[in-house]
Amino acid sequence: MAQCMSLFLVLTLLGSAPLCLCWKSNGGYLYPQFYDHSCPNAQQIVKSVVAKAVAKEARMAASLLRLHFHDCFVKGCDASILLDSSGSIISEKGSNPNRNSARGFEVIDEIKAAIEKECPETVSCADILALAARDSTVLAGGPSWEVPLGRRDSRGASLSGSNNNIPAPNNTFQTILTKYKLQGLNVVDLVALSGSHTIGNARCTSFRQRLYNQSGNGQPDYTLDQSYAAQLRTNCPRSGGDQNLFFLDFASPTKFDNSYFKNLLASKGLLNSDQVLLTKNEASMELVKNYAENNELFFEQFAKSMIKMGNISPFTGSRGEVRKNCRKINA
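Residues numbered from 1 in each chain as written. Predicted model: local features only at pLDDT ≥ 70, side-chain atom pairs only at ≥ 80, totals over all residues. Heavy atoms only, no water.

Per an unreviewed UniProt entry, the protein chain goes by Peroxidase and derives from Ricinus communis. According to the UniProt record, the Function (unreviewed entry) comment for the protein chain is "Removal of H(2)O(2), oxidation of toxic reductants, biosynthesis and degradation of lignin, suberization, auxin catabolism, response to environmental stresses such as wounding, pathogen attack and oxidative stress. These functions might be dependent on each isozyme/isoform in each plant tissue." Regarding the protein chain, the relevant UniProt record gives this comment under Subcellular location (unreviewed entry): "Secreted". (UniProt positions renumbered as here; feature names shortened; annotations may be inferred.)

Enquirer: Now, about the packing of helix H8 (residues 187–194) against helix H13 (residues 295–309): what can you tell me, with residues and values included?
Expert: Where H8 meets H13, the closest approach of the two axes is 9 Å, and the angle between their N-to-C directions is 110°. Looking at the two axes, H8 sits roughly perpendicular to H13. Crossing angle aside, the handedness with which H8 passes H13 is left-handed. Each of Val188, Asp189, Ala192 and Leu193 in H8 lies in contact with H13, whose residues at this interface are Phe298, Gln301, Phe302, Ser305, Met306, Lys308 and Met309. Looking at the contact of H8 with H13 residue by residue, the class counts come to seven nonpolar, two polar and two charged. (Axes fitted to C-alpha atoms, helices over the stretch in contact; angles between N-to-C directions. Helix = DSSP H or I, 4+ residues; strand = E, 2+ residues; numbered from the N terminus. Parallel < 35°, antiparallel > 145°, perpendicular 65-115°, else oblique. Left-handed = near helix turned anticlockwise from the far one by under 90°. Contact = heavy atoms within 4.5 Å. Nonpolar A, V, L, I, M, F, W, Y, C, P; charged D, E, K, R; others polar.)

Enquirer: How would you sum up a nonpolar patch on the surface? Please name residues and give values.
Expert: Together, Tyr29, Tyr31 and Phe34 make up a nonpolar patch on the protein surface, roughly 280 Å² of accessible area in all. With respect to the helices, strands and loops of the structure, Tyr29 is situated in strand E2 (residues 28–30). Tyr29 sits in the partly exposed class, given a relative accessible area of 45%. (Patch = residues over 30% accessible without salt bridge, like charges linked within 9 Å, V, L, I, M, F, W, Y side chains within 5 Å. Areas by Shrake-Rupley, 256 points an atom, 1.4 Å probe, with all protein chains shown as cover. Salt bridge = Lys/Arg side-chain N within 4 Å of Asp/Glu carboxyl O. Buried < 20%, exposed > 50% of the residue type's maximum accessible area, 1.4 Å probe, protein only.)

Enquirer: Could you give me a rundown of the environment of Ser313, with the residues and numbers involved?
Expert: For Ser313, the position within the fold is in the segment after H13. Sequence-wise, Ser313 and Val74 are 239 residues apart; in three dimensions their C-alpha atoms are separated by 9.6 Å. Discounting residues that sit within four places of it in the chain, Ser313 has contacts with Lys75, Gly76 and Cys77.

Enquirer: Any details on the UniProt feature "binding site: substrate" (unreviewed entry) in the protein chain? Residues and values, ideally.
Expert: UniProt's feature table lists "binding site: substrate" (unreviewed entry) at Pro167, given in the numbering used throughout. Residue placement: Pro167 occurs in the loop between helix H6 (159–165) and helix H7 (173–181). What makes Pro167 partly exposed here is its relative accessible area of 27%.

Enquirer: Explain the state of the cysteines residue by residue, including any values.
Expert: The final tally for this structure, using the stated rule, is four disulfides. The disulfide partner of Cys72 is Cys77, and the gap between their sulfur atoms is 2.0 Å. Residues Cys72 and Cys77 share a disulfide whose torsion about the S-S bond is about 120°; that sign makes it right-handed. A single burial state applies to Cys72 and to Cys77, both of which are buried. (Disulfide = S-S within 2.5 Å.)

Enquirer: Can you explain helix H4 (residues 105–118)? Please cite residues and give values.
Expert: The end-to-end C-alpha distance of H4 is 20 Å, a good match for the 20 Å that 14 residues give at a rise of 1.5 Å each. Tucked inside the fold, the buried residues of H4 contact helix H2 (42–56), helix H3 (60–72) and helix H5 (125–139). (Expected span 1.5 Å × (residues − 1).)

Enquirer: An account of unusual backbone geometry is requested, with residue identities and associated values reported.
Expert: Residue Lys75 is not a glycine yet carries a positive backbone phi of 65°. Structurally, Lys75 can be placed in the loop between H3 and H4. Among the residues examined, Lys75 registers a relative accessible area of 37% and is labelled partly exposed. One non-glycine residue, Ser267, adopts positive backbone phi at about 60°. Considering the arrangement of structural elements, one finds Ser267 in the loop between helix H10 (259–265) and helix H11 (272–279). On the basis of relative accessible area, Ser267 is assigned to the partly exposed category, the value being 26%.

Here's what the structure looks like:
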């Protein structure tokens, strides 16, 4: 009976997330055709630069996708993550989730420079982030979607927001879900968007507590497959090696697919924030199982959830600005 109820809940939640291509926000709409007349080549320019960057380094796909996540969870999708410290601005790049971790800024700079040359002061840095995230996903073998456009850039950053609002690898399931709900996202979005960990890397420091007696009870984390844990310990010692990198999805580290969810079922989710999707909540557990069985279902929901996430509190209309340089506000 409980199993039937949880499956019903999953299907209900899935059904409540329609694929919308036009989103109403304060001050205006986001829609895919926003630059069709003002900068018709904008999307092609983004795609071209991202393709070149990913061809040079496959890991860049995950890095650009992550920038969009870390931007939207702080003050909305407004490119605040791209701002360097200057004057009254304290950059989000120095926050705990971003320091020594967030990357891909030079790729965004290259895209912005190319677009400014084509159509000056027209395309926002926030929209570039959203397009780069989509193109990165596609290049890694994942789903595509039409990106609603028309965001404008913020004139400020929030270091505290970056430290507090972005889900952390060691957060409890409930804390992570609460952080998603504060952004208007639900448990379906949480599980689907966590699937982005099918590509990319994590540092030793982000999961070390699972390998050693640092869980508070003097025991290692037994929700992690112990043979997998033994492999991880060889390059993630008890102390030192904080920046050593590990694939988030050891099975197909550069291919965007549903093997991330299959890893969770095998107790081989790298981060605690990954594995709790299976162990701490019935609805999320059912979603993990469904996505592990059905790659198409995962792709479909990931696209929907990315569109939904990209609509978190954007500046539209006359709010904010279109930065000439993504690293600093206009004079």
